[in-house]
Amino acid sequence: MVEPGQRAVVHLVARTVADGEPDEVFETTDVDVAMAAGTYEAHRDYAPVEFEVGSGEAPPAVDGAVREMATGEERTVLADPTEAFGEYRDDAVVVLDRAIVEEHSDADAEPGLLVGDEQGNAGWIVDADDRTVTVDFNHEFAGERVAFEVRLLEVRGTGDD
């Protein structure tokens, strides 16, 4: 059992859910899984992730699963949106002045461009015209059920270490 405040080191695989079952891989920390799924990206650094249990650093379903696991254990958790990447929020879609966005970006403000706000949140431009851009700050899988495959590799002390 992993206690709040301890740090969990895990390999994660996130899959879409189709007909109530895990389906396609859309994110992984494991290079072998990425290669097998055809999602490998050469510029990525595939490595286990570490997070403080109970701190909100990991999706609630992952945090909850890790609390019940032993080192070396692997578990698949089907998560509703609130336990994965949250519900889709209309208020997370904002219209901004195009000139201001382009002032803080290295590229033209066009749909598909990833931009950040002053709080460090990332969003995708989903629409743009001559004066404004619409940015969606929801996670790409907000509002979706997700299957997380969690492999607990190591548990480290407490968050005070």
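Refer to the preceding data block for the structure.
Residues numbered from 1 in each chain as written. Predicted model: local features only at pLDDT ≥ 70, side-chain atom pairs only at ≥ 80, totals over all residues. Heavy atoms only, no water.

Undergrad: Mind laying out the sheet that holds strand β7 (residues 122–128), listing which residues take part and the relevant values?
TA: Pairing within the open sheet is antiparallel, and its four strands lie in the order β5-β8-β7-β6. Every interior strand has two partners, whereas the edge strands, β5 (93–97) and β6 (114–116), have only one. The sheet shows a mean angle of 45° between the axes of neighbouring strands, taken without regard to direction. Across four bridges, the pairing between β7 and strand β8 (residues 132–136) is antiparallel. For W124, the partnering residue across the bridge sits in β8 and is D136. (Pairing = 2+ DSSP bridges. Helix = DSSP H or I, 4+ residues; strand = E, 2+ residues; numbered from the N terminus. Axes fitted to C-alpha atoms, helices over the stretch in contact; angles between N-to-C directions.)

Undergrad: Go over the environment of R15 with me, naming the residues and quoting the values.
TA: Position of R15 among the secondary structure elements: in strand β1 (residues 7–18). As a C-alpha pair, R15 and V77 span 62 residues in sequence and 10 Å in three-dimensional space. Non-local contacts of R15, meaning those with residues more than four positions away in its chain, are made with P22, D23, E24, V25, F26, V146, A147 and E149. Among the polar contacts made by the side chain of R15, one reaches the side chain of E149 at a distance of 2.5 Å. (Contact = heavy atoms within 4.5 Å. Polar contact = N/O pair within 3.5 Å; in protein donor to acceptor, adjacent residues only side chain to side chain.)

Undergrad: Describe in detail the pattern of salt bridges, supporting the description with residues and values.
TA: Once the charged atoms of two side chains with opposite charge are near each other, the side chains can pair. Considering all chains together, one arrives at 15 salt bridges under this definition. E50 is paired through a salt bridge with R7; the nearest N and O atoms lie 2.7 Å apart. You can see E50 sitting in strand β3 (residues 49–52) and its partner R7 sitting in strand β1, a full 43 residues away along the chain. On the basis of relative accessibility, which here comes to 33%, the residue E50 falls in the partly exposed class. Look at the salt bridges and you will find they share partners, linking R7, E50, E57, E154 and R156 into a network. (Salt bridge = Lys/Arg side-chain N within 4 Å of Asp/Glu carboxyl O. Buried < 20%, exposed > 50% of the residue type's maximum accessible area, 1.4 Å probe, protein only.)

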